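Results of the structural survey
Here's the letter readout for the chains.
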Amino acid sequence: MAHIDESLEFIPLRIAVLAVSDSRSMAQDTSGDTLVSLIEAAGHVVGARKIVTDDRPLIRDTLQAWVDDEAVDVVISTGGTGLTGRDVTVEAHRDVYEKEIEAFATMFTIVSMKSVGTSAVQSRATGGIAKSTYLFALPGSNGACKDAWNEILVWQLDHRHKPCNFVQMIPRLEEHKRVT
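About the cut-offs
- Residues numbered from 1 in each chain as written.
- Predicted model: local features only at pLDDT ≥ 70, side-chain atom pairs only at ≥ 80, totals over all residues.
- Heavy atoms only, no water.
- Helix = DSSP H or I, 4+ residues; strand = E, 2+ residues; numbered from the N terminus.
- Buried < 20%, exposed > 50% of the residue type's maximum accessible area, 1.4 Å probe, protein only.
- Contact = heavy atoms within 4.5 Å.
- Pairing = 2+ DSSP bridges.
- Core = buried A, V, L, I, M, F, W, Y, C linked by side-chain atoms within 4.5 Å.
- Phe/Tyr/Trp six-rings, centres within 6.5 Å; stacked < 30°, edge-to-face > 60°.

Description of the overall build of the protein chain
Within the protein chain one finds 5 helices and 8 strands. Listed N to C, the secondary structure of the protein chain is β-β-α-β-α-β-α-β-α-β-β-α-β in terms of helices and strands. Scored against the burial criterion, the 180 residues of the protein chain give a buried share of 46%. Pairs at least 24 residues apart make up 76% of the contacts formed inside the protein chain by residues separated by at least 6 positions.

In structure tokens form, the structure reads like this:
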């Protein structure tokens, strides 16, 4: 059964938060504020925060810059995961991913069903890995950010979570590039 191993010391991660919106400013970014609050409450560090427009190259370049920054362990974006023509966050994430975490989308859909019912089918939330950085794209609503954090990410980003978690794999994410 899943649990937190209290005998282990918590290891804070450095998490970057990216809001994707054509209409919000930093002062209006309530979903970004929600993520920052949840991240800090869990004991992690917000290492960077930015808001960009729904522009695939701009989103991709921002994600890539954070992946290339050794001071960032995780990137969480909010917004641009829907079905409209301007929603290109998922495509930008996939431009950067080396591996996609397909089960993240499935888990997010299951969690979302509890909150929004069949409307969960409209989300294209996604997760992946690039270099040794985890990336997650969440919908732009506060509720979706809370659901993803409280039901999935808070656990998987805590190395004390058993039987397994994303953090314990960080040292091994680049093992295929090591010369033996």
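A short note on the sheet that holds strand β7 (residues 133-138)
A sheet is described by the order of its strands in space; here 6 strands give the open sequence β3-β2-β4-β7-β6-β5, paired in mixed fashion. Only two strands of the sheet have a single neighbouring strand rather than two, namely β3 (45-52) and β5 (99-100). Sheet topology note: the strand β2 (residues 14-20)/strand β4 (residues 74-78) ladder contains 5 bridges and is parallel. Within the sheet, the bridge partner assigned to L18 lies in β4 and is S77.

Points about the pairing of strand β6 (residues 126-130)
Most of β6 sits inside the fold, with 5 of its 5 residues counted as buried. What you see with β6 is no split at all: T126, G128 and A130 on one side and G127 and I129 on the other are buried throughout. Two elements, β5 and β6, share 2 bridges in a ladder whose sense is antiparallel. Bridge pairing links E100 to G128 in β6. Examined bridge by bridge, β6 and β7 share 5 bridges and lie antiparallel to one another. Residue I129 lies in a different strand from β7, and its bridge partner there is Y134. A loop of 2 residues connects β6 with β7, the two strands running antiparallel in sequence, and K131 in this loop sits at a positive phi of about 55°.

A look at the nonpolar core
In terms of nonpolar packing, the biggest core is built from 30 residues, with I76, Y134, F136 and W149 touching the most fellow members. When residues of this core are traced back to their parent elements, those giving at least two are β2, α1 (30-41), β4, α4 (102-116), β7 and α5 (142-156). When residues in this core are grouped by element, the largest group, 7 residues, is from α5. Once residues within four sequence positions are removed from consideration, I76 is found in contact with I15, A16, V17, L18, L35, I39, F136, L138, W149 and L153.

Remarks on the packing of aromatic side chains
Taken as a whole and assessed by the stated rule, the structure comprises 4 aromatic pairs. Centroid distance F104 to F136: 4.9 Å. Interplanar angle 50°. Geometry classified as tilted. Within this pair, whereas F104 is found in helix α4, its partner F136 is found in strand β7, the two being separated by 32 residues in sequence. In this structure F104 comes out as buried when scored by relative accessible area, which is 2%. Every member of this aromatic cluster is reached through a ring pair, and the members are F104, Y134, F136 and F166.

Focus: the side chain of S77
With respect to the helices and strands, S77 occurs in strand β4. By relative accessible area, S77 is classed as buried at 0%. Residues contacting S77, with those up to four places away along its chain left out, are L18, T89, H93, F136, A137 and L138.

Observations regarding unusual backbone geometry
Of note, the bond from K162 into P163 is cis; its omega dihedral lies within 30 degrees of zero at 20°. One can find P163 in the segment after β8 (161-162). Here K131, not a glycine, exhibits a phi torsion of approximately 55°, which is positive. For K131, the position within the fold is in the loop between β6 and β7.

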